[in-house]
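Coordinates in review
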Amino acid sequence: MKRILTFALALAFAAGASAQKTVSLKGADETVRLWDNSTAKYSNHETRDEEWYKKNTRIRYTSSCELYIFKAAPEKNSGVAVAIFPGGGFTSVGMSKTLAKWYASVGITAAIVKYRLPNGHKEATLEDAMGAVRYLRSRTDLGIDPAKVGVTGSSAGGHVAAWVACAMPDGEKPAFSIPQYGAMSRVEFYTGSKANVALLGKNFCYQDAVEMSVQNMVTPTTSPTLLLLCDDDRVVLPYSSTVYYEALIRNGVKASMHIYPYGGHSLKKHAQESYDATLDWLNWLGLYNIKK
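The paragraphs below set out a description of the structure included in this document. (Residues numbered from 1 in each chain as written. Predicted model: local features only at pLDDT ≥ 70, side-chain atom pairs only at ≥ 80, totals over all residues. Heavy atoms only, no water.)

A word on unusual backbone geometry. Of note in this structure, His45 is not a glycine but carries a positive phi near 60 degrees. Residue position: His45 is located in the loop between strand 1 (30–36) and strand 2 (51–53). Judged by its relative accessible area of 51%, His45 falls in the exposed class. (Helix = DSSP H or I, 4+ residues; strand = E, 2+ residues; numbered from the N terminus. Buried < 20%, exposed > 50% of the residue type's maximum accessible area, 1.4 Å probe, protein only.)

As structure tokens, then:
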């Protein structure tokens with residue numbers, strides 16, 4: 001009996017030692033884990049441990065979905081909430097808190113989403129993005145109005161924000177979508193793109209890139225959309241956003257686009273301008289009416 005017990009304990013220890021490690025962002029008001037590959041419907045089949053990357057600014061090899069919630073300032077709480085999908089070329093997830101903190105300061109609950117990178121299994125990434133929207137709608141205890149939950153994201157995260165705005169079932173789509181210098185057209189990155197390999201798999205073909213270009217997913221029920229970008233972006237050319245904007249307009253979707261003359265693949269040089277544009281647009285949609 002003693003030998004059997006010892007063997008069982010050894011097996012348990014080995015199983016625990018081989019389990020995937022995950023990492024979390026510190027400093028949020030609340031951290032919520034939605035699921036991981038063992039509990040979600042879909043898996044990205046990542047087997048490596050999650051780890052911080054680039055001086056602890058990004059997380060790679062993600063195998064779990066977590067929301068880092070920054071609560072709206074109580075005296076300004078507008079009932080609006082936003083899921084933030086960070087960029088990282090679908091090979092890492094950026095963990096800057098700047099945008100989330102700004103949203104919270106103006107009365108909008110924000111959740112940075114550590115989503116499972118596609119790793120060639122894009123359905124897992126979409127599952128996380130949709131799950132984040134649905135979860136925020138359930139948090140009425142935070143003063144969130146379920147009808148006022150939207151999405152935003154930058155670069156690859158901008159693609160995710162637009163993807164959710166198009167792909168969620170009618171009646172569930174986000175109240176708004178704000179892609180920032182989003183990598184909307186996957187055809188633009190057809191050859192030599194690590195991001196496309198990560199999103200579509202090693203053996204993807206041209207038609208796969210066409211189908212994952214969000215301008216080809218737009219319908220009249222796509223979420224109202226605000227596009228923010230810079231004209232001199234050479235990482236993701238402005239075309240990627242303008243072609244999406246054209247598709248939105250053709251389908252009668254409420255849309256607006258701000259193209260700043262300089263700033264590259266970022267909005268840091270136009271932070272306040274982009275903040276003002278965001279609140280003005282949400283006000284125009286009738287979702288936000290608290291004074292800045």
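With that settled, the discussion passes to the side chain of Ser274. With respect to the secondary-structure elements, Ser274 resides in helix 8 (residues 271–284). Beyond its immediate sequence surroundings of up to four residues, Ser274 is in contact with Leu228, Tyr260 and Leu267. (Contact = heavy atoms within 4.5 Å.)

Now for the packing of aromatic side chains. Evaluated as defined, the whole model comprises three aromatic pairs. Between Trp102 and Tyr103 the ring centres are 4.9 Å apart and the planes differ by 55 degrees, which places this aromatic pair in the tilted class. Assigned by exposure class, Trp102 and Tyr103 land together as buried. Taking the centre distance of 4.2 Å and the plane angle of 10 degrees together, the rings of Trp102 and Tyr275 count as stacked. With Trp102 in helix 2 (residues 98–105) and Tyr275 in helix 8, this pair connects stretches of sequence that are 173 residues apart. Look at Trp102 and you get buried, because its relative accessible area is 11%. Ring-pair connections join several aromatic residues into one group, and the members of that group are Trp102, Tyr103 and Tyr275. The ring of Trp284 carries the charged tip of Lys254 above its face, separated from the ring centre by 5.7 Å. (Phe/Tyr/Trp six-rings, centres within 6.5 Å; stacked < 30°, edge-to-face > 60°. Lys NZ or Arg CZ within 6 Å of the ring centre and 35° of its normal.)

The next point concerns the pairing of strand 9 (residues 177–180). Here strand 9 shows a buried face lined by Ser177 and Pro179 and a second buried face lined by Ile178 and Gln180. Sheet topology places strand 8 (residues 149–154) next to strand 9; four bridges connect them, and they run parallel. Residue pairing across strands places Val151 opposite Ser177, the latter belonging to strand 9. Since strand 8 and strand 9 lie parallel, the crossover through helix 4 (residues 156–167) that links them has a hand, and here it is right-handed. Two elements, strand 9 and strand 10 (residues 225–230), share two bridges in a ladder whose sense is parallel. Residue pairing for strand 10: Ser177 is matched across the bridge by Thr225. (Pairing = 2+ DSSP bridges. Right-handed = clockwise from strand over helix to strand, strands pointing away.)

Moving on: the nonpolar core. In this structure, Leu67, Phe85, Tyr103, Ile108, Phe176 and Tyr244 are the most contacted members of the largest nonpolar core, which totals 86 residues. With residues near it in sequence (within four places) discarded, Phe85 still touches Val113, Tyr115, Ala129, Ala132, Val151, Thr152, Gly153, Ser154, Gly157, Val160, Ala161 and Val164. (Core = buried A, V, L, I, M, F, W, Y, C linked by side-chain atoms within 4.5 Å.)

This brings us to the sheet that holds strand 1. Across the sheet, eight strands lie side by side as 1-4-7-5-8-9-10-11; this open sheet has mixed pairing. Since the sheet does not close on itself, it has two edges, and those belong to strand 1 and strand 11 (255–260), each with one partner. For this sheet the average axis-to-axis angle between neighbouring strands, irrespective of direction, equals 15 degrees. Seen against the sheet, helix 2 touches strand 4 (64–70), strand 5 (81–85), strand 7 (109–114), strand 8 and strand 9 and runs at an angle of roughly 175 degrees to strand 5. Against the sheet, helix 7 (residues 239–250) engages strand 10 and strand 11, with an angle of about 160 degrees to strand 11. (Axes fitted to C-alpha atoms, helices over the stretch in contact; angles between N-to-C directions.)

From the geometry alone we can't say anything about function, so treat these as descriptive.
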